[in-house]
Amino acid sequence: MATGFLLFFYCRMMADNDGSLAADASSNEKRPEDLQNCSSDALSPDVKAEGDPEGPSDPDKYRYIKEDLFTSEIYKVEIRNLPKFIGFNDLKKFLAKHSINPHKIKLIGKHTFAFVTFKNEEERDRAHKLVHGMQWKGQVLSVRLAKPKEDPILKKRKQEEGGAGQPASKRAEGDEEELPLSVQIANVVTPLWNFPYEEQLKMKEQEVVGVLQKLAKEIGSTNKAMLPWLFAQKGKHNKMCCPLEAIRPSPTQTEYRNKCEFLISVGADGEDKTIGFRLGKYKGGSCAVVGPFATCHVSAAAKTVVREFQKFIRTTPYSVYSPETYEGHWKQLTVRTTRAKEAMAVVFFNPQKLEEEDLNALKTSMRTFFTEGDGKDSGVTSLYFVRDGQRLVFMVRNLQKQNVGHPKIQLLYQQPDYFFQVNTAAAAVLYSTVGDWAQLDQDSTVLDVCCGTGTIGISLAKRVKKVIGIELCQEAVEDAKVNAKLNGLSNVEFHCGKAEDVFPDILNALVSPSLTAVVDPPRAGLHPKVILAIRRAEHLKRLVYVACNAKAAMTNFIDLCRAPSNRVHGAPFRPVRAMAVDLFPQTMHVEMLLLFERVDYKSQEQT
């Protein structure tokens, strides 16, 4: 991050990501609680709602579909009479086989029916026509139009007004609401804050033990040839598939986050234009936020930025955005900080129908506040203004100390949101362990998959012959190249693209006798095509998997170890060591490292 003050103005592209598919609303598409920008072609709420066996209800709860907004909820069908024991991937593959491209899939109950949404009416109607009456595993499928989700807050409000009898939320049970707001928000964002740190580590280690025990069972089910080895491993390691080394604690347990995302809303204390964390979930009927000033995981530098930004927005005439009415402007503040005492702030603002003149005046006043006004000592060195709900992304850069009559305008396609571990000190522990486990030497080639800004590969580059990084985000790739240059490295190269598209070609072109892969994928894990490419590349003998959600990555682990088949080619891997690294003190989240090595059948037979 540059030391000079930079001001960037963005208009974020809010169109849905192509190919986005999630079990439940994990795409960039906006849900009832946070919708903007799209089709006015709305499905009237006259058919069955998700989770609503009674059918139609108060139309006010569907107000969001009648605005000038987009949501795939208006292009939704319900598929009934599904075969028993099918999962999300089974349904996804079945639809893909018939050239049906859903936007979201949500299986309900015991997976006997599912809600499926589409990006437009044509795709929805085509799926309706094709799938209705189709046979799948002896079951005749039934398809009908489905009503959009009800807006959670409006639904809750109607229940309360009508005395429907449902509790406002689990929080209402007991004395939770009698606790100070500082304690309530600590229980939400740092649920382990009241546990001694040693006890936190034990709880997280037990989570990883459970993952490794489950993996042992799955390997036994999917690769019978490994049973003798697996039997010995389980006997030695408490029913786990490999030894689990002692958890590595975070060097700092408080104020460790280098990035935080704050909502801008009405405070739980009644104060308007409050920046903080949401006290409850929208689907639970809560929009109120509590400031982060008493939380233990947010840095003092970030709290300073929040305090000054809150002071600034309270001087403006613009209200906070309401996900209930879709009115208002201020939405979110993201703050990144560095150990060099620099801070980047990204504010999200819905312009609604404001004139450009008003927006320019707001930008000017913001710039003045943080360069000459009360915010000049806040530590903010770069500031992004995101015009939420727009379809084009522009950047206006104000160059300090240069007399520029008109700001420079460039077309961009991303915002500053590529991934970096939120706990810098613990990330150093993590990356050091990765280097030790990879068993590298000067003849080694490292494949850094989902490399982000190149942190892991760059940290290993001086120990190996070559590092090849693969990353989806173009901006991150450009920064990775800059980082490599700043570190004086000439043996590092980075490729931009989807790992499942780029990785197989790179693997096939490599002839290194000592090839190791390090994968640090998003929460959902690696794409199945990447796993299949890894299995086929028999010259790849060692793989270090960094999992931020080991349970979500379980399918990857199983596919690395399963027996060869018509679909899965190449000798399997097996887990040989594991470790948990605590990157998220005061929470239940933990990072997990797994080292996989390729099974050598010939060596096994000789043994």
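Residues numbered from 1 in each chain as written. Predicted model: local features only at pLDDT ≥ 70, side-chain atom pairs only at ≥ 80, totals over all residues. Heavy atoms only, no water.

Per an unreviewed UniProt entry, the recorded name for the chain is tRNA (uracil(54)-C(5))-methyltransferase, and the organism is Oryzias latipes. The chain has a UniProt comment under Catalytic activity (unreviewed entry) that states "uridine(54) in tRNA + S-adenosyl-L-methionine = 5-methyluridine(54) in tRNA + S-adenosyl-L-homocysteine + H(+)". (UniProt positions renumbered as here; feature names shortened; annotations may be inferred.)

> I tried to follow helix α6 (residues 227–236) on my own but got confused; where do I start?
Residue pairs three or four apart in sequence face the same way in an α-helix, which turns once every 3.6 residues. Considered for burial, the residues of α6 that qualify are Trp229, Leu230 and Gln233. Looking straight down α6, one finds its buried side chains confined to an arc of 95°; they lie on one side. The exposed residues of α6 that point more than 90 degrees off its buried face are Pro228, Phe231 and Gly235. Contacts made by the buried residues of α6 are with α5 (197–222) and β21 (573–581). Asn238 lies just past α6 and shows a positive phi near 55°. (Buried < 20%, exposed > 50% of the residue type's maximum accessible area, 1.4 Å probe, protein only. Helix = DSSP H or I, 4+ residues; strand = E, 2+ residues; numbered from the N terminus. Arc of directions from axis to C-beta. Contact = heavy atoms within 4.5 Å.)

> Help me understand the packing of aromatic side chains, please; the structure alone is not making it clear to me.
The relation between two aromatic rings is expressed through the spacing of the ring centres and the mutual angle of the planes. Counted under the stated rule, the structure contains 14 aromatic pairs. A ring pair is formed by Phe369 and Phe370, whose centres lie 5.1 Å apart and whose planes are at 75°; its orientation type is edge-to-face. Side by side, Phe369 and Phe370 carry an identical accessibility label, which is buried. Centre to centre, the rings of Phe557 and Phe596 are 5.9 Å apart; their planes meet at 40°, and the pair counts as tilted. Pair noted here: Phe557 is in helix α14 (residues 554–561) and Phe596 is in strand β22 (residues 591–598), with a separation of 39 residues, a long-range link. We classify Phe596 as buried; its relative accessible area is 0%. (Phe/Tyr/Trp six-rings, centres within 6.5 Å; stacked < 30°, edge-to-face > 60°.)

> What exactly am I supposed to notice about the sheet that holds strand β2 (residues 76–80) here?
Strand-to-strand pairing in sheets goes through backbone hydrogen bonds, with the strands running parallel or antiparallel. One open sheet accounts for four strands, arranged β3-β4-β2-β7; its pairing is antiparallel. If you trace the sheet from one side to the other, it starts and ends with β3 (104–108) and β7 (142–145), each paired once. Each neighbouring strand pair of the sheet contributes to a mean axis angle of 20°, computed without reference to strand direction. Pairing of β2 with strand β4 (residues 113–117), which is carried by five bridges, proceeds in the antiparallel orientation. Of the residues in β4, the one forming a bridge with Arg80 is Phe113. Of the strands in this sheet, β3 and β4 are in contact with helix α1 (residues 88–97), which crosses β3 at around 130°. (Pairing = 2+ DSSP bridges. Axes fitted to C-alpha atoms, helices over the stretch in contact; angles between N-to-C directions.)

> Explain the pairing of strand β11 (residues 330–337) here, please?
In summary, the side chains of a regular strand alternate between the two faces of the sheet. With eight of eight residues buried, β11 is to be regarded as a mostly interior element. Note: strand β8 (residues 259–265) against β11, five bridges, orientation antiparallel. Bridge pairing in β11 places Lys259 opposite Arg336. Connecting β11 to the antiparallel partner strand β12 (residues 343–349) that follows it, the hairpin turn spans five residues, and Lys341 within it adopts a positive phi of roughly 65°.

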